[in-house]
Amino acid sequence: MSNAFRLTLTCGLFVSASLAQAQAPQPSRRDVADTYASLCANCHGPKLQGALGPNLVDDTWKSGADDESIARSIREGQLAAGMPAFSGSLSPQDIRALVIYIREQGEERRSQATPFAKPAADKAVRSELHAFKLETVTEGLDTPWSVAFLPDGRMLVTEKAGRLRVVEKGRLLPEPIAGTPDVWSKGQGGLLDVAVHPDSAKNGWIYLSYSDPGANDSAMTAIVRGKLREGRFVEQQTLFRAPAELYRTAGVHFGSRFVFDGKGHLFFSIGERGHKEDAQDLSRPNGKVHRIHEDGRIPKDNPFAGREGAVASIWSYGNRNPQGLARHPVTGELWETEHGPRGGDELNRIEPGRNYGWPVITYGMNYDGTPMTDRTAQEGMQQPVVHWTPSIAVSAADFYTGSRFPQWKNDLFVGALAQQEVRRLRIEGGKVVQQEVLFKDVGRVRDVVSGPDGYLYIAFNDPDRIARLVPAPAVKPASGKAQGAAKP
Ligand code: HEC
């Protein structure tokens, strides 16, 4: 018996103090699936299919379909109808985790019942607005991470292990580009994004982001630019590198994506490197979206440029693992996709100086099913435009700017790793008014790029390849309800 325990037994004061505490349930440390199995399954069924209590995965709700209504049902119960109140035994965090769990189970049941397109070679897929084929451009790559196009039509591809590859007329050149930076290739780290300067026909600049190795096996996302000459990366300049003491040893959450604003600025993102609290700390670069001049200088009008102790390149903060950044082709707004924990993947509209909330607010819970927080909103913190709960494991995003799929013009295309899907999002007035799953289950989607030739390029992992969506003219677009249509 521990001393503390003996004290509470022998001292009446301590006993009453701990009883008072027991009235406010603390978050449990067990998996939400166990909580469900022990407290809910005997009435709602082990698979949530319903028994004495109603089915919780059929998308019909008597007491409200939104998260808060479901949380209220669990918290307050419906005593007369036989649903006990759990506010006395479950913490708000546990109740939030149960809501996420119910959402996950419902989505799993729905996706089992929905015939999502799984495009095979040369087989046309009908979607709501266009029919397309998914055509392989090149295989033979090792974990491609990012795709960009040179003005002459050649394609650059980063491989996570640290190689920059060139694809010329559909042929992967055998030799990687020499002279790119050494990368920390562990966990999620490696050579990450590649971007070609919008004026590169004149200036030749190619931008790379990567996990830069630091002391004691630590790493942080860093940014360089350089030029391609005779198969080499030359004239390299470091544009962003954090002080060595800010590097982190975790193998996760490096970000990162680039986007140019066409006015001389470069945006890039860095994940929180597995240290949640860093995302709220303005003296650290991780868990942020940054803005610099294209040559690395800090714009004087950055939101924290004048603040003592703040990293001057920070544009927004409270971002968990932003792996997608894209600029709206008409409004110029900056949109970001952010990989959440279990639940709580986000699509955000990034505005300068704003706090996007991680980890203070989130729609997710811990990967192991233990609760995190019940706070999904707070004064002074931005709400996502959309959150995906359950998670799709959102990765990259790009607006379609080509003309081969005219009805997709300016739609946002979003890739997902775990759910292996590409979604089309229609955005109007800063809101997502429509979501469609274009296809699923042909590989983990790592990058999505609107190509200069009007095709939509996709980098897949497992199996590794670059493919593109090309119009399939012979097939009439599906009318009415399309396959895989999802609610926003
Ligand atoms: C003793 C049986 C019983 C247990 C235990 C129980 N429920 Fe229920 N639950 C019910 C019944 C009966 C209803 C329907 C209440 C009504 O008709 O208003 C219900 C309703 C609900 C609803 C609202 C459904 C709707 O259509 O709006 C939710 C959500 C819910 N329960 C979740 C849970 C969760 C989560 C647990 C475990 C923490 C749980 N229940 C435990 C019997 C139970």
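In this text, all values refer to a predicted model and were calculated from it rather than measured experimentally.

Rules of the game
- Residues numbered from 1 in each chain as written.
- Predicted model: local features only at pLDDT ≥ 70, side-chain atom pairs only at ≥ 80, totals over all residues.
- Heavy atoms only, no water.
- Domains from an automatic or database assignment.
- Contact = heavy atoms within 4.5 Å.
- Buried area = accessible area lost by both parts, 1.4 Å probe.
- Salt bridge = Lys/Arg side-chain N within 4 Å of Asp/Glu carboxyl O.
- Polar contact = N/O pair within 3.5 Å; in protein donor to acceptor, adjacent residues only side chain to side chain.
- Nonpolar A, V, L, I, M, F, W, Y, C, P; charged D, E, K, R; others polar.
- Phe/Tyr/Trp six-rings, centres within 6.5 Å; stacked < 30°, edge-to-face > 60°.
- Buried < 20%, exposed > 50% of the residue type's maximum accessible area, 1.4 Å probe, protein only.
- Helix = DSSP H or I, 4+ residues; strand = E, 2+ residues; numbered from the N terminus.
- Arc of directions from axis to C-beta.
- Donors = N, O, S within 2.8 Å, 3.2 Å for Na, K, Ca; no water.

To continue, consider the domain arrangement of the protein chain. Interface size is commonly expressed as the accessible surface area that is lost when the partners come together. Segmentation of the protein chain into domains returns domain 1 (3-113) and domain 2 (125-486). One C-alpha centre belongs to domain 1, the other to domain 2, and the line joining them spans 36 Å. Each side of the interface is counted separately: domain 1 has 17 residues, and domain 2 has 15 residues. Between domain 1 and domain 2 lies a buried interface of about 1,300 Å² when both sides are counted; carbon and sulfur atoms form 64% of it. Of all residues in domain 1, Arg96, Ile100 and Glu104 bury the most surface against domain 2, accounting for 40% of the area lost on that side. Linking domain 1 to domain 2 there are one salt bridge. Across the pair arginine 342 and glutamate 104 runs a salt bridge, and its minimum N-O distance is 2.8 Å. Scanning the region where domain 1 abuts domain 2 turns up three residue pairs in polar contact (both at pLDDT 80 or more). Of the residues in the side of domain 1 that touches domain 2, the class split is six nonpolar, two polar and nine charged.

What follows is about the packing of aromatic side chains. One pair of aromatic rings is described through two measures. These are the centre distance and the angle between the planes. Taken as a whole and assessed by the stated rule, the structure comprises 16 aromatic pairs. Taking the centre distance of 6.5 Å and the plane angle of 90 degrees together, the rings of tyrosine 400 and tryptophan 408 count as edge-to-face. Summarising the burial analysis for this pair, tyrosine 400 and tryptophan 408 share the class buried. The interplanar angle of 50 degrees and the centroid separation of 6.2 Å between the aromatic rings of phenylalanine 439 and phenylalanine 460 together place this pair among those described as tilted. Here the residue phenylalanine 439 occupies a position in strand 22 (residues 431-440), and phenylalanine 460 occupies one in strand 24 (residues 456-461), the gap between them amounting to 21 residues. Residue class for phenylalanine 439 comes out buried when judged on its relative accessible area of 0%.

So, on to helix 3 (residues 32-39). Buried within helix 3 we find Val32, Thr35 and Tyr36. In a view along the axis of helix 3, the buried residues occupy a sector of 95 degrees, so they form one face of it. N-cap assignment for helix 3: the residue whose side-chain oxygen lies 2.8 Å from the backbone N of alanine 33 is aspartate 31.

Let us look at the coordination of the iron atom of the ligand. Around the iron atom of the ligand, the protein contributes the donor atoms His44 (NE2) and Met83 (SD), which lie 2.0 to 2.1 Å from the metal centre. The buried category is assigned to histidine 44, whose relative accessible area is 10%.

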